[in-house]
Amino acid sequence: MRCQVTVLYFARSAELAGLRSESVSVPQRITSLQLWEEIVKIHPRLAVIRDQVIFAVQQEYVFLGDQLLVLQTGDEVAIIPPISGG
């Protein structure tokens, strides 16, 4: 079963994807790593930040790995690369 989630891109991920947000159809039950792979299929340029990225799903941090996510239509998935500042 699939659901529609809103993917939010920040900083370098927005530059690489070429947009700040979009709606994406993904499996409802998916690991965080599989979710990343689904997004990279849409935006292959994101692959360069794989080892630096952190997800936030419904404003909860999730690291890439085998953590199972159960998503619902309307959930927000934020892609947060390292952000520098001072």
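Everything that follows concerns the structure shown earlier in this document.
Here is a short report on the structure shown in this document. (Residues numbered from 1 in each chain as written. Predicted model: local features only at pLDDT ≥ 70, side-chain atom pairs only at ≥ 80, totals over all residues. Heavy atoms only, no water.)

**Describing the sheet that holds strand 4 (residues 54-57)**
Strand order in the open sheet formed by five strands is 2-1-7-4-5, and the pairing between neighbours is mixed. Every other strand in the sheet has two partners, leaving strand 2 (21-27) and strand 5 (60-62) as the edge strands with one partner each. On average, adjacent strands in this sheet sit at an angle of 35° to one another, irrespective of strand direction. Pairing of strand 4 with strand 7 (residues 76-80), which is carried by four bridges, proceeds in the antiparallel orientation. Bridging from a neighbouring strand, Ala56 pairs with Ala78 of strand 7. The strands touched by helix 2 (residues 32-42) within the sheet are strand 1 (2-9), strand 2, strand 4, strand 5 and strand 7, with strand 2 carrying the most contacts at an inclination of about 125°. (Pairing = 2+ DSSP bridges. Helix = DSSP H or I, 4+ residues; strand = E, 2+ residues; numbered from the N terminus. Axes fitted to C-alpha atoms, helices over the stretch in contact; angles between N-to-C directions. Contact = heavy atoms within 4.5 Å.)

**Points about the nonpolar core**
Leu35 and Leu71 are the most contacted members of the largest nonpolar core, which totals 24 residues. Breaking this core down by element, the ones donating at least two residues are strand 1, helix 1 (11-17), strand 2, helix 2, strand 4 and strand 7. In contact with Leu35, not counting residues within four places along its chain, are Val26, Ile30, Phe55, Leu69, Leu71 and Val77. (Core = buried A, V, L, I, M, F, W, Y, C linked by side-chain atoms within 4.5 Å. Buried < 20%, exposed > 50% of the residue type's maximum accessible area, 1.4 Å probe, protein only.)

**So, the pattern of salt bridges**
Enumeration over the complete set of coordinates arrives at three salt bridges. Residues Lys41 and Glu38 are paired through a salt bridge, measuring 3.8 Å at the closest nitrogen-oxygen approach. Here the residue Lys41 and the residue Glu38 both occupy positions in helix 2, the gap between them amounting to three residues, near one helical turn. A salt bridge links Arg50 to Asp51; its shortest N-O distance comes to 3.2 Å. Among the residues examined, Asp51 registers a relative accessible area of 71% and is labelled exposed. Connected through salt bridges with shared partners, the residues Arg2, Glu38 and Lys41 form a single ionic network. (Salt bridge = Lys/Arg side-chain N within 4 Å of Asp/Glu carboxyl O.)

**A closer look at the side chain of Glu22**
Here Glu22 is to be found in strand 2. Here His43 takes part through its side chain, which lies 2.5 Å from a polar atom of the side chain of Glu22. Those residues in contact with Glu22 that sit more than four places away from it in its chain are Val5, Thr6, Val7, Tyr9, Ile42 and His43. (Polar contact = N/O pair within 3.5 Å; in protein donor to acceptor, adjacent residues only side chain to side chain.)

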